[in-house]
Amino acid sequence: MKIKTKAQQKDLTHELHIKAREARENAHAPYSKRLVGAAIRTSTGDVFSGCNVENASYGGTVCAERVAIWKAVSELGSIEISELVVITDAKEAWPPCGFCRQVLAEFANAKTIIHTGDLKKIQKTFSFKELLPESFNPSHLK
Ligand code: THU
């Protein structure tokens, strides 16, 4: 994608926030009762969202971030993630869990940014490297 101004970038992040909020409405979370929504933008500008999908086995639960990523890969094939927003209604924003960070490592690049927030706003923004320094990623298998 072309270089964006700060205002354009803000609009794109806002769009992801809205998509994450919409997806969160569909969360299947009868066990934790914590509804999570996520949305990603790929380097091609495509947007995918996801919600957490819990399972009675507990272990079969999948986080909102991974649902969004797997939807994107199943539609587009291998992707590069430019930006991710993850939100809950918790006062303090939830960061992606360790499993999701490892899945992100597969599709992140040096510029991938991750925002965490609540239903109203983005609270924190990280680079992927800040969230998972020294990640094990596809480059190690080349
Ligand atoms: N969860 C997410 O969807 N994303 C996160 O980043 C953290 C946790 C979900 C998994 C489970 O359904 C619920 O939140 C409680 O852990």
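Residues numbered from 1 in each chain as written. Predicted model: local features only at pLDDT ≥ 70, side-chain atom pairs only at ≥ 80, totals over all residues. Heavy atoms only, no water.

Comments concerning the overall build of the chain
Logical step 1: Assigned secondary structure in the chain consists of four helices and five strands.
Logical step 2: Ordered by position from N to C terminus, the α and β elements of the chain give α-β-β-α-β-α-β-β-α.
Logical step 3: In terms of overall dimensions, the chain is globule-like: its C-alpha atoms have a radius of gyration of 14 Å, near the 14 Å expected for 142 residues.
Logical step 4: Summarising its shape, the C-alpha atoms of the chain cover approximately 40 × 40 × 30 Å along the three principal directions.
Logical step 5: The buried share of the chain, reckoned over its 142 residues, is 40%.
Logical step 6: In the structure as shown, the chain presents an accessible area of about 8,400 Å², 56% of it carried by carbon and sulfur atoms. (Helix = DSSP H or I, 4+ residues; strand = E, 2+ residues; numbered from the N terminus. Rg over C-alpha atoms; globule rule 2.2 N^0.38 Å. Buried < 20%, exposed > 50% of the residue type's maximum accessible area, 1.4 Å probe, protein only. Areas by Shrake-Rupley, 256 points an atom, 1.4 Å probe, with all protein chains shown as cover.)

Some thoughts on the site of the ligand
Logical step 1: Near the ligand, the surroundings consist of Ser32, Val36, Asn52, Glu54, Thr61, Cys63, Ala64, Glu65, Trp94, Pro95, Pro96 and Cys97.
Logical step 2: Here Glu54 contributes a side-chain N or O atom positioned 2.5 Å from an oxygen atom of the ligand.
Logical step 3: A distance of 2.9 Å separates an oxygen atom of the ligand from a polar backbone atom of Ala64.
Logical step 4: Here the shell around the ligand is composed, by residue class, of seven nonpolar, three polar and two charged. (Near = heavy atom within 4 Å. Polar contact = N/O pair within 3.5 Å; in protein donor to acceptor, adjacent residues only side chain to side chain. Nonpolar A, V, L, I, M, F, W, Y, C, P; charged D, E, K, R; others polar.)

Things to note about the sheet that holds strand 1 (residues 37-42)
Logical step 1: Spatially, 2-1-3-4-5 is the arrangement adopted by the five strands of the open sheet, whose pairing is mixed. Where the open sheet ends on each side, the last strands, each with one partner, are strand 2 (47-51) and strand 5 (122-127). Between one strand axis and the next, the sheet turns through 15 degrees on average, direction left out of account.
Logical step 2: Relative to strand 3 (residues 81-87), strand 1 is paired through six bridges, and the arrangement is antiparallel. Bridge pairing in strand 3 places Thr42 opposite Ile81.
Logical step 3: Against the sheet, helix 1 (residues 6-24) makes contact with strand 1, strand 2, strand 3, strand 4 (108-117) and strand 5, and its axis sits at roughly 50 degrees relative to strand 3, the strand it touches most.
Logical step 4: Taken strand by strand, helix 2 (residues 64-76) contacts strand 1, strand 2 and strand 3, and its axis lies near 140 degrees from that of strand 2. (Pairing = 2+ DSSP bridges. Axes fitted to C-alpha atoms, helices over the stretch in contact; angles between N-to-C directions. Contact = heavy atoms within 4.5 Å.)

Brief notes about the state of the cysteines
Logical step 1: Tallied over the full model, the rule gives zero disulfides.
Logical step 2: Cys63 provides the cysteine sulfur closest to Cys51, a residue in no disulfide bond, and the two sulfurs are 11 Å apart.
Logical step 3: Look at Cys51 and you get buried, because its relative accessible area is 10%.
Logical step 4: The cysteine Cys97 is free of any disulfide, with Cys100 supplying the nearest cysteine sulfur at 3.8 Å.
Logical step 5: The exposure class assigned to Cys97 is partly exposed, which follows from its relative accessible area of 27%. (Disulfide = S-S within 2.5 Å.)

A short note on the pairing of strand 2
Logical step 1: Among the five residues of strand 2, four are classified as buried, and the element is accordingly described as predominantly covered.
Logical step 2: As judged from the five bridges shared by strand 1 and strand 2, these two strands associate in the antiparallel manner. Counted as the bridge partner of Ile40 is Phe48 from strand 2.
Logical step 3: Joining the antiparallel neighbours strand 1 and strand 2 is a turn of four residues, in which Gly45 adopts a positive phi near 90 degrees.

Here we look at the packing of aromatic side chains
Logical step 1: Counted under the stated rule, the structure contains one aromatic pair.
Logical step 2: Between Tyr31 and Tyr58, the ring centres sit 5.6 Å apart and the planes meet at 40 degrees, which makes this aromatic pair tilted. Of this pair, Tyr31 sits in the loop between helix 1 and strand 1 while Tyr58 sits in the loop between strand 2 and helix 2, and the two are 27 residues apart along the sequence.
Logical step 3: According to the relative accessible area criterion, Tyr58 is exposed, its value standing at 59%. (Phe/Tyr/Trp six-rings, centres within 6.5 Å; stacked < 30°, edge-to-face > 60°.)

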